[in-house]
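Breakdown of the fold
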Amino acid sequence: MRAFAETLDSLSTTQSRNGKLALLTAYLRAAPDPDRGWALAALTDGLPLRIAFRRILSDLMAARTDPVLFKLSRDFVGDTAETVALLWPTPADPVTPPRISEVVDWLLNAKPSEHAVIIASVLDRCSVRERWAFLKLVGGAPRVGVSARLAKTAVAEIGGQDVSAIEEVWHALKPPYTELFAWMEGSSERPDPGSVPVFRPLMLAHPVEDADWPSLDPLDFAAEWKWDGIRVQVSAKSGEVRVYSRTGDDISPAFPEIRSAFAHTDVVADGELLVVRENTVAPFNDLQQRLNRKSVTSKMLRESPAHLRLYDLLFAHGEDIRALSFEARRERLESWHAEDRPLLTDLSALVPFTTFAELEEYWRGAREAGIEGLMLKRRASPYLAGRPKGHWFKWKRAALTLDCVLMYAQRGSGKRSSLYSDLTFGVWRTRDGANERELVPVGKAYSGFTDVELRDLDRFIRANTTETFGPVRAVTPKLVLEVAFDAVQPSTRHKSGVAMRFPRIHRIRWDKPADEADTLDATLAMIDRPAA
Amino acid sequence: MRPVETWLYPASLGLYCEPGDFYIDPPRPVDRALITHGHSDHARSGHAHVLATPETIDIMKVRYGANCAGDFQTAELGQTKTINGVSVRFVPAGHILGSAQIVLEYGGRRAVVSGDYKRAADPTCRPFELVPCDVFVTEATFALPVFRHERADSEARRLIQSIARNPERTHLLGVYGLGKCQRMIALLRAEGFDAPIWLHGALVGLTALYQNLGIDLGDCRPASTAADADLKGALVMCPPSALMDRWSRRMGDDPVRVFASGWMRVRGRARQRGVELPLIVSDHADWPELLDTIVETGAEDIWVTHGRDDALVHQLSLMGRRARALALVGYDDDAE
Ligand SMILES: [Zn+2]
């Protein structure tokens, strides 16, 4: 527990990705099995424990602290587990904390009624940093800024492998991942996924840049629409079906109808998950409602039915066809689909073209048609994990722009931590029946400017701060930012009622008076219509 | 016997001793002020007459100039003076160099105004001395049970280890300029760190004063005189406000930001400031020290000046003691 506590402690205050990765790798390399595997579980899919954590903590503290002092402390600290770690009486004599594996064993084998006693006895044997780490370990998501993917990347570093190698076996493994570490350290073979439909890392596209066009030959490429849903992979084998997100998270429980549709198949397919009602793709928001759910209600299944638009096939009847060309895979996709006919699916149509000028006509019509843009796929390319250069291009529909007013700024992270680089901006709203206008925030952006512009912005922000809240500064509303974005969507989270997708700063309008910035009405008029 | 509250009480200009006709640490200029220590929320400029320890007077002169008060009278630690029939004695508070508790006796009763204090060891000042009393006037900066500071020497070792592990990165240590700065330097020296320590301009004057007063801090140099190459992998100290400031860009792309403060006990505080290595070192009493000290004084009444008076008054009432918040204005609850 000691080494884990030190690592988690440092992770919680380290901002750079490389710094975090180095800390994690060093820990996973040095820690013994099975402790490191349980730690890895806590940082990825969670430990397989069912503990009534909140109730136990509040019972334990009720017996040990005054309720008024606990509340004052909790309010100050802002995190219950951390408050408990800080308030727990520190033992008078030096103590040795138990190993992670001991703690997990005790909790796995205990009755729920025994959990509180075990947790208390572990806390009694820990220093304050260890208590915090222990509570983060068993309390669910530790929230120290480490994604599951970063943790897997650290494992891969041990074996000098790419993270995709870990991802390909991940879903066939169970904590404490002993065979995974053995494989990375070269003391055993790659674990056999057996009959588990595992995740295969996706192939991703680069945005097409103006400079790319001259080197591209239209004859080498196929084009498809870029659909506005969630990119997923369906992996099916022996009646077992999993739906994986782009990053390899298992999102199957949220989409039971897709699982049933593929139950009779043996494939790994790549596609876009959409909500489709009466042959019309519903707004992205409807799909969002279904994501991140452990289970779905029949009402949701009825009102927001899932649909899979298929792009590609990676495995067909157990055969790995990723090395085949896109064209060959497309043929296999079509013949398999015609044969197995899974419900709730269709094929993403190829867009016929012979010249890029012709394709540009389609591209211009994309927004009108409610489609995100076009994909260009090299006909000869195999299916490659990650974002290889020169194979797939995304050609997003042209951005929309609005003139917004800078309202708040926040410090960036890592190398930008001394600069105010996260910008929140708003547009003018006229209250009903009032003559006065007020600014309402519509989005936040932290890219699109050059380093020089960033320094100028930073200077402006420091010179025009009206209030400071922690890392955030409120700024006199007088600087106009021309913001480019992909779309405007309704949002209940923002006071303005709208949220921008993919906003970035297009130009800084030092010249333009804030009065002349755009209005909320103009913003609302840009809300997406459903696509056909 | 005259109950203490009849001759010592909060008045509009600060905590006032009526028979003595003086204020203690008044936030606004007065005719006669007794100053516990040199921190700016306790020692202000513009009083007509100031009584303080020699070190506190030196600190005030460095900060505000030689003419920051009409006249200065020194109070040697341990000596007793009488002011208009009130007996006055300055006793070490263990907070920073020159810091004192002020012991007042009048009408057969004794009150101790402790100013800011700590019980933990500090190589740059004399240790806290306990004085039994009827009324104990205490601070409450860290009066929440979550505040239990770490041992300062082991925190200094953590910093030295981090410097050894990251030889390419500048370590930028944020510290309160008076007291914490010099204590951290002394702690690092005691742990064997003998490389030059570079100081932000705001820390230079007071550090030089400590050295002139005989506290050995080793090789300290103004950061303004450093070549950029000198700063690479070095230890640079600055006030907390400069940690994220434009000034910090001189420290390369990716300095390790360190902050030594009692507030670093709480992770959110460290994250909010972008601190990568929080060191829990404080010049104020933590929760157990506050409670132990109050109990040891045997005081019947405890008056709380500033900080988390809500939590401390509540805890003392649970312990069966008479406690009240003085609600004095003008103290900085957050500075450390
Ligand atoms: Zn002080």
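What you see is a predicted model; the values in this text were computed from it and never measured.

Calculation criteria
- Throughout, a residue's number is its position along its own chain's written sequence, starting from 1.
- Chains and ligands are labelled by the order in which they are written, letters from A for the one and numbers from 1 for the other.
- Residue-level local features of this predicted model are given only where pLDDT is at least 70; pairs of side-chain atoms are given and counted only at 80 or more, and the full residue set underlies all totals for whole chains, interfaces and linings.
- To obtain the side-chain values, all non-hydrogen atoms of the structure were used and water was disregarded.
- By definition, any uninterrupted DSSP run of H or I lasting at least four residues is a helix, any uninterrupted run of E lasting at least two residues is a strand, and each is numbered from the N terminus.
- Any two residues whose heavy atoms approach within 4.5 Å are treated as being in contact.
- Note that accessible areas follow from Shrake-Rupley with a 1.4 Å probe, and for residues the cover is restricted to the protein chains shown.
- A positive count includes Lys and Arg, and a negative count includes Asp and Glu. His and the chain ends are not counted in either.
- Here the site of a charge means NZ on Lys, CZ on Arg, CG on Asp, or CD on Glu.
- Defined here as a combined quantity, buried area equals the accessible surface (1.4 Å probe) lost by two parts on assembly, summed across both.
- Salt bridges are defined as contacts in which a side-chain nitrogen from Lys or Arg sits within 4 Å of a carboxyl oxygen from Asp or Glu.
- A 3.5 Å cut-off defines polar contacts: any pair of N or O atoms within that distance qualifies, except that in protein one atom must be a possible hydrogen donor and the other a possible acceptor, and neighbouring residues in sequence count only when both atoms are side-chain atoms.
- Residues are grouped as follows: Ala, Val, Leu, Ile, Met, Phe, Trp, Tyr, Cys and Pro are nonpolar; Asp, Glu, Lys and Arg are charged; all remaining types, including Gly, are polar.
- Where each domain begins and ends follows an automated or database-derived domain assignment.
- Only nitrogen, oxygen and sulfur atoms count as donors, using a 2.8 Å cut-off from the metal that widens to 3.2 Å for Na, K and Ca. Water is left out, so coordination shells may look unfilled.
- Here the term buried applies to any residue with accessible area under 20% of the maximum for its type, exposed to any over 50%, and partly exposed to those in between, with areas from a 1.4 Å probe on protein chains only.
- Think of it this way: DSSP has to see at least two bridges between two strands before they count as a pair.

Turning our eyes to something else, we now look at the overall build of chain B. Secondary structure assignment for chain B yields 8 helices and 19 strands. Projecting the C-alpha coordinates of chain B onto the three principal axes gives extents of approximately 65 × 45 × 30 Å. Here the analysis covers contacts within chain B between residues at least 6 apart in sequence; of these, 60% occur between residues at least 24 apart. Total accessible area on chain B stands at roughly 12200 Å², and carbon and sulfur atoms take up 47% of it. Placing the 37 positive and 43 negative side-chain charges of chain B at their respective mean positions leaves the two points 3 Å apart.

Here we take up the interface of chain B and chain A. Contacts between the two partners involve 35 residues from chain B, matched on the other side by 35 residues from chain A. Both faces considered, chain B and chain A share a buried interface measuring about 3000 Å² in area, 52% of it formed by carbon and sulfur atoms. Put simply, Arg267 of chain B and Asp9 of chain A hold a salt bridge, and the shortest N to O gap is 2.6 Å. At the junction of chain B and chain A, the tally comes to 10 residue pairs in polar contact (both at pLDDT 80 or more). When contributions to the side of chain B that touches chain A are tallied by element, the ones reaching two or more residues are α2 (152-165), α6 (267-272) and α8 (309-318) of chain B. Here the residues of the side of chain B that touches chain A sort into 14 nonpolar, 5 polar and 16 charged.

Moving on to the domain arrangement of chain A. What the domain assignment reports for chain A is domain 1 (2-139), domain 2 (206-396) and domain 3 (400-524). Taking only C-alpha atoms, the centre of domain 1 of chain A and the centre of domain 2 of chain A are 41 Å apart.

With that settled, consider the domain arrangement of chain B. Residues and elements named next belong to chain B. Each assigned domain of chain B is listed with its residue range as follows: domain 1 (4-146 + 284-325) and domain 2 (152-279). Placing a centre on the C-alpha atoms of domain 1 and another on those of domain 2 gives a separation of 29 Å. Taken together, the contacts link 18 residues of domain 1 with 16 residues of domain 2. When the area that domain 1 buries against domain 2 is broken down by residue, the three leading residues are Leu97, Thr124 and Phe142, summing to 32%.

Residue and element names in this part refer to chain B. Looking at the zinc ion, one finds its protein donor set to be His37 (NE2), His39 (ND1), His95 (NE2) and Asp116 (OD), positioned 2.2 Å from the metal centre. All donors of the zinc ion come from a single chain, and their spacing in sequence reads H-x1-H-x55-H-x20-D. Here His95 lies in the loop between β8 (86-92) and β9 (100-106) and His39 lies in the loop between β4 (32-34) and β5 (49-52), a separation of 56 residues in the sequence. As far as burial versus exposure is concerned, His39 and His95 are alike and both buried.

What follows is about the sheet that holds strand β11 (residues 373-378) of chain A. Residues and elements named next belong to chain A. Within the open sheet, the 5 strands sit side by side as β1-β12-β11-β2-β10. Their pairing is mixed. Lying at the two open borders of the sheet, with one neighbouring strand each, are β1 (206-207) and β10 (350-351). Where β1 meets strand β12 (residues 392-396), 2 bridges bridge the pair, whose relative direction is parallel. Bridged to Pro207 within β12 is Lys394.

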